[in-house]
Amino acid sequence: MFPVHMRLASSDANTSKVPVSSGCEGFNFRAFRWTQTMLFAINEINEDKNLLPNTDLGYVIYDSCFTISKAVEGTLTFLTGQDEAVPNYRCGDGAPLAALVGAGGSDLSIATARILGLYHFPQVSYSSTSSALDSKFQFPTFLRTIPNDEHQSTAIAKLVLHFGWTWVGILAADDDYGKYGIKDFKEEVEKAGVCISFTETLPKVSSPEDMQRIAQIVAEDTAKIIVVFSSDVDFSPLILELLRHNVTNRTWIASEAWVTSALINQPGVNSVLGGTLGFAVKRAELPGLESHLLDLDPYANPLTEEFWETAFNCTLDYSKAVRQAKERAKEVNGTLSRAVTGVPDGLCTGTEPLAQLSNTYSDVSQLRITYSVYKAVYAVANALHNLEHCIKGQGPFVGQSCADITKFEPWQLMYYVKNVRFNVPHTQEEIYFDDGDVKGFYDIINWQVNDNGEISYVTVGRYNGSAAPDYRMTVSNDSIVWNNEMSEPPRSVCSENCKPGFRKGIRQGKPVCCFDCIPCADGEMSNSTNARACILCNYDEWSNEAHDTCIPKIIEFLAFGEPLGITLIVISAFGALVTIGVGVVFFKHLDTPLVKANDALLSFSLLFSLVVTFLCSIVFLGKPQHWSCMTSQVALALGFALCLSSLMGKAALLMQRAKALKAIRIKAKAAAKAAKMAAAEAAEAAANGGSPDVIVTNTFTNVDAGDACASPEVDSVTCRTQRVIAVVATLIQAIACTVWLIIIPPHPIENTSTQNIKIILECDEGSVIFICCIFGYDILLALLAFIFAFIARKLEDHFSEAKCMTFGMFVFFIVWISFVPAYLSTRGKFMVAVQIFAILASSFGLLACIFLPKCYIILVKPEQNREDMMRPRSKPRDGTSTGTSASLNTAATEITATIASTAIDD
């Protein structure tokens, strides 16, 4: 059974008549070569003295017309032995039926195998490759000499993966061959991540609209690789439409059914199909076949007649030739030509040279399916040979019996066909059936344009389905000529590969091969192409700029040796030296009124605390250690506690003196008023009685104005009280710091969260509550000192220390209020720099505001450093309170003198 014709002839489909078998049209030269190859093989077998020496093979050829209905019709006719197909009834006689060689397509073989399986009738196919025929439950008697499509689908999938194509279009014939071939192919490639751009079905009965639609899809789609599972008959109509659309930038992957078909390889198709890759079954040289094909009798049977007439475009029927000549003559001049009376034009002589034909019938350069036909015939012949030479008593059937070759049953021959093993003549290829299939061996064919502008088939690789998985396919990439003469394999991807540093982002509603390349986030990296996800770097690493590797994070801390660190050290040392210098000046002038004006011991404790704050800022520098973290914070807290508590003690004394001075002023006014009234009464009495004058004398004892602690009866806050305040306030801070260091001490940490690209070495305070309490206490001392100094600011003197402390505290608060937002807005080592700057600025502010005026008087204006300069200035007439911050005792003298003066005046 061969598809000698390509399709059924159209019929009127009249159901009012007795149905008759449909005719066929479209002569298939390739299939006719297959029929002649079968005859060639049968002739060889009948002439062979070793194979079936006592038996001749006969044959009946059925034309399937590449249609299932005709294949079924031929099968029933074959089984019944008569022209009319009558199922389950055989009316013929003669030699027993042996086997069916065919049919010419997977869908045809499926139809025929279902029928033949009912009769246990052997069927050996030469071109039915569909994996649907694997099932021995459905097709128990089906065998084939061509590899199973499972091998081919796997081979095509491996080829696609070999060249890295991930975006592939598919065209499949509308039959079991196409459907099952594509199904197996999809399963293979989709497991490997290949996506199918489109899948279109080639109809059995093509229409211009269908072909135009499919060609438009192929032309507009972005897939550059098109896999075609189809026969040449089904695919050929699309080629013309592709030529009209000028689709020249595609690479076609051909299945074995059309990869070497002359029906497809027509002149002019090289622009579309040049560079095609495909899989072809094993090729062979069959000596004598070409001469057999050329030695053809055109009058042997209707098939040879039709072949001759089609090949040479003439007719062997004289009457038909005359009739055609008359019709042509009428069309030319309307009269009968005299030439018709002789040999009419268009009449075949029967001696036309077949060797000069340029068609697929006489082309024996690519004997692949033809070789499969040859093997199928020999498989049946060898099975018959084994059946004929069965030794009685050693047979395979019941009772070890043998079958009689003159009257055997189909199931008996089926046993021998299934178990046959032989070497093919001329090629010596060993053939045996493994569950009805043969080995999956293919040549990889590349369509290359030769010097004559014609397409030639060049073998560029091999595929052996029985080899180990890693060695099944070999491809010579350098031997392949791609479409448009490109030297590099074409790219066929929906989306370009994502480079390292990117990850694939899925597009909603699109295949997985269509994706967006999304850059890895900071701290993540991908070091492979098409990474599905980015890898998070370790905590001590960070992604580089390209995000393709993780690099160690920058270790950051404010080092001693860097310019900023050196600058801060210099400033800190300078501040400490200046403070020590002020202490030296005070020590040398310890007996001067200005130094003695307020408690000198508190001044020295204040200077010592400023030295501590200046020097502790240096401990903040360098790589944080356990000792440095504890020392820096504790020294800062205690330094400021001592400083602020000393200021608070001084300010408390001044505040009390300001209050006492105010009280004395009130008393002085009252005393002056009383004295004035008494003086008036005395004067009046003297005038009236002649008594002597009464002079009011000073009852206050004048004390040393330079002694700040000389009047305990006037000052409620004594020098001892000041010192107790400073010591107690500092001791409270020391106890709190000790508890802090014992319970949750500060310690160095690696901060990886503040700045992603850096590891900041810093000190963790241990407890937010403790740090807030410690420095909150310092703030409380600062507020108290400021309040006390602010209240005492009205003590007017030649030198007002209260005003100096008020300005100093103003500077202190301005610095630390500015520090908070600056500190919170910086990161890393600059946070430490800001903190050190705040410490230095506040320390310099206190030093300058409190001690600079005193040093100016001591060093620059020594003439003002005397006791009278420490006394109050004259009391303004407006009655505002005046006084000295040096000695409140002088105020008493001034008030006494004022009262006396008033009395005398009166």
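Residues numbered from 1 in each chain as written. Predicted model: local features only at pLDDT ≥ 70, side-chain atom pairs only at ≥ 80, totals over all residues. Heavy atoms only, no water.

**Student:** Quick one: what's the story with the overall build of the chain, residue by residue and with numbers?
**Tutor:** Each helix and strand in the chain was counted, giving 22 helices and 24 strands. Long-range contacts, defined here as pairs at least 24 residues apart, represent 69% of the contacts in the chain between residues at least 6 apart. When the accessible surface of the chain is summed, it comes to about 43300 Å², and 57% of that surface belongs to carbon and sulfur atoms. (Helix = DSSP H or I, 4+ residues; strand = E, 2+ residues; numbered from the N terminus. Contact = heavy atoms within 4.5 Å. Areas by Shrake-Rupley, 256 points an atom, 1.4 Å probe, with all protein chains shown as cover.)

**Student:** With reference to specific residues and values, describe the packing of aromatic side chains.
**Tutor:** Per the counting criterion, the structure on display carries 39 aromatic pairs. On the numbers, 4.7 Å between centres and 65° between planes, the contact of Phe-614 with Phe-844 is edge-to-face. Of the two residues, Phe-614 is situated in helix 16 (residues 600-619) and Phe-844 in helix 21 (residues 829-860); the sequence distance between them amounts to 230 residues. For Phe-844, a relative accessible area of 25% puts it in the partly exposed group. (Phe/Tyr/Trp six-rings, centres within 6.5 Å; stacked < 30°, edge-to-face > 60°. Buried < 20%, exposed > 50% of the residue type's maximum accessible area, 1.4 Å probe, protein only.)

**Student:** Explain the pattern of salt bridges to me, using residue names and the numbers behind them.
**Tutor:** In the structure shown here, the tally under the stated rule is 22 salt bridges. Of the charged contacts in the structure, one is a salt bridge between Arg-368 and Asp-443, with a shortest N-O distance of 2.9 Å. Taken together, the residues span a long stretch of sequence, with Arg-368 in the loop between helix 11 (318-333) and helix 12 (369-388) and Asp-443 in strand 13 (residues 441-449) at a distance of 75 residues. For the residue pair Arg-368 and Asp-443, the accessibility class agrees, reading buried in each case. Ionic contacts of the salt-bridge type, sharing partners, join the residues Asp-107, Asp-175, Lys-204 and Asp-234 into one network. (Salt bridge = Lys/Arg side-chain N within 4 Å of Asp/Glu carboxyl O.)

**Student:** Quick one: what's the story with empty space enclosed by the protein, residue by residue and with numbers?
**Tutor:** In this approach a probe as big as a water molecule rolls over the atoms, and the regions it shows empty are the leftover space. Counted under the stated rule, the structure contains three cavities of 30 Å³ or more. Within this model, the largest cavity holds a volume of roughly 220 Å³. Around the largest cavity, the lining is made up of 18 residues, and of these Phe-66, Gly-104, Ser-127, Ser-231 and Ala-257 lie nearest the centre. For the lining of the largest cavity, the elements supplying multiple residues, two or more each, are helix 1 (29-47), helix 3 (106-118) and helix 7 (232-245). When the residues that make up the lining of the largest cavity are grouped by side-chain class, the tally is seven nonpolar, six polar and five charged. (1 Å grid on protein atoms, 1.4 Å probe; cavity = no way out; pocket = protein on both sides within 12 Å on 5 of 7 lines; lining within 4 Å. Points joined across faces, edges and corners; volume = space filled by probe spheres on them. Nonpolar A, V, L, I, M, F, W, Y, C, P; charged D, E, K, R; others polar.)

**Student:** Tell me about the layout of surface pockets, and please be specific about residues and values.
**Tutor:** A volume near 1100 Å³ is recorded for the largest pocket. Lining the largest pocket are 43 residues; nearest its centre among them are Ile-771, Phe-775, Phe-819, Tyr-823 and Gln-835. The leading source of residues in the lining of the largest pocket is helix 20 (residues 801-824), at eight residues.

**Student:** Explain the side chain of Lys-829 to me, and be specific about the residues and the numbers.
**Tutor:** Of note, Lys-829 is situated in helix 21. A polar atom in the side chain of Lys-829 sits 2.9 Å from the side chain of Glu-562. Residues in contact with Lys-829, not counting those within four places in the same chain, are Glu-556, Phe-557, Leu-558 and Glu-562. (Polar contact = N/O pair within 3.5 Å; in protein donor to acceptor, adjacent residues only side chain to side chain.)

**Student:** Tell me about the state of the cysteines, residues and numbers included.
**Tutor:** Using the criterion set out here, one finds nine disulfides in the structure. Here Cys-314 engages in a disulfide with Cys-348; their sulfurs sit 1.6 Å apart. On the sign convention where negative means left-handed, the S-S torsion of about 100° between Cys-314 and Cys-348 marks this disulfide as right-handed. Separated by 34 residues along the polypeptide, Cys-314 in the loop between helix 10 (302-312) and helix 11 and Cys-348 in the loop between helix 11 and helix 12 bring together distant segments of the chain. Residue pairing for Cys-494: its cysteine sulfur links by disulfide to Cys-514, the two sulfurs lying 1.9 Å apart. Taking the torsion about the S-S bond as the criterion, the Cys-494 to Cys-514 disulfide, at about 105°, is right-handed. In this pair, Cys-494 is assigned in the loop between strand 15 (473-475) and strand 16 (502-506) and Cys-514 in the loop between strand 16 and strand 17 (515-519), connecting sequence segments 20 residues apart. Accessibility expressed as a relative area gives 22% for Cys-494, which makes it partly exposed. (Disulfide = S-S within 2.5 Å.)

**Student:** Would you mind going over the packing of helix 20 against helix 21 in detail, with residue names and values included?
**Tutor:** Interhelical geometry of helix 20 versus helix 21 gives an angle of 170° and a closest axis separation of 8 Å. Relative to helix 21, the element helix 20 is oriented roughly antiparallel. Split by residue class, the contact of helix 20 with helix 21 holds 20 nonpolar, four polar and two charged. (Axes fitted to C-alpha atoms, helices over the stretch in contact; angles between N-to-C directions. Parallel < 35°, antiparallel > 145°, perpendicular 65-115°, else oblique.)

**Student:** Give a detailed account of the sheet that holds strand 6 (residues 167-173), specifying residues and quantitative values.
**Tutor:** Strand order in the open sheet formed by eight strands is 7-6-8-9-10-13-14-15, with mixed pairing between adjacent strands. Edge strands, defined here as strands with exactly one partner in the open sheet, are strand 7 (195-202) and strand 15. With strand direction ignored, the average angle separating the axes of adjacent strands in the sheet is 25°. Examined bridge by bridge, strand 14 (residues 455-464) and strand 15 share three bridges and lie antiparallel to one another. The residue bridging Tyr-463 from the neighbouring strand is Met-473, located in strand 15. (Pairing = 2+ DSSP bridges.)

**Student:** Go over the nonpolar core with me, naming the residues and quoting the values.
**Tutor:** With 101 residues, the main nonpolar core has Trp-165, Phe-185, Leu-277, Phe-307 and Leu-413 as its most contacted residues. The residues touching Leu-413, leaving out its near neighbours within four places in the chain, are Ala-98, Ala-99, Pro-122, Ala-383, Leu-384, Leu-387 and Phe-408. With 59 residues, the next largest nonpolar core counts Phe-586, Ala-792, Phe-819 and Ile-857 among its residues. (Core = buried A, V, L, I, M, F, W, Y, C linked by side-chain atoms within 4.5 Å.)

**Student:** Tell me about unusual backbone geometry, and name the residues and values.
**Tutor:** Residue Ala-103 follows Gly-102 across a cis peptide bond; omega there is -5°. With respect to the helices, strands and loops of the structure, Ala-103 is situated in the loop between strand 3 (100-101) and helix 3. Even without being glycine, Gln-400 reaches a positive phi, approximately 55°. Looking at where Gln-400 falls in the secondary structure, it is placed in the loop between helix 12 and helix 13 (410-418). Take Gln-400: its relative accessible area is 48%, and that puts it in the partly exposed class.

**Student:** Summarise the pairing of strand 14; cite the residues concerned and give the values.
**Tutor:** The pairing of strand 13 with strand 14 spans nine bridges and is classified as antiparallel. Its bridge partner being in strand 14, Gln-448 is matched across the sheet by Ser-456. Connecting the antiparallel pair strand 13 and strand 14 is a turn made up of five residues, with Gly-453 showing a positive phi of about 80°.

**Student:** Lay out the packing of helix 2 (residues 68-80) against helix 3 with the relevant residues and their values.
**Tutor:** Packing of helix 2 against helix 3 leaves a shortest axis separation of 9 Å and a crossing angle of 30°. When the axes of helix 2 and helix 3 are compared, the pair comes out roughly parallel. Considering how the two elements wind past one another, helix 2 and helix 3 form a crossing that is right-handed. Residues Ile-68, Ala-71, Val-72, Thr-75, Leu-76 and Leu-79 of helix 2 form the contact with helix 3, whose participating residues are Asp-107, Leu-108, Ala-111, Thr-112, Ile-115 and Leu-116. (Left-handed = near helix turned anticlockwise from the far one by under 90°.)

**Student:** A description of helix 13 should follow, citing residues and the corresponding values.
**Tutor:** Buried within helix 13 are the following residues: Pro-410, Gln-412, Leu-413, Met-414, Tyr-416 and Val-417. Residues of helix 13 that are buried make contact with strand 4 (123-125), strand 5 (142-144) and helix 12.

**Student:** Would you mind going over the side chain of Glu-429 in detail, with residue names and values included?
**Tutor:** Turning to its location among the elements, Glu-429 is positioned in the loop between strand 11 (421-423) and strand 12 (430-432). Taking the relative accessible area as the measure of exposure, Glu-429 reaches 17% and is therefore buried. In terms of polar contacts, Glu-429 uses its side chain to reach the side chain of Tyr-371, at 2.8 Å.

**Student:** Give me the sheet that holds strand 24 (residues 758-764): which residues, what numbers.
**Tutor:** Taken in spatial order, the three strands make up an open sheet running 22-24-23, and their pairing is mixed. Two strands lie at the open edges of the sheet, namely strand 22 (554-556) and strand 23 (747-751), each paired on one side alone. Neighbour to neighbour, the strand axes of the sheet diverge by 25° on average, direction disregarded. Examined bridge by bridge, strand 22 and strand 24 share three bridges and lie parallel to one another.

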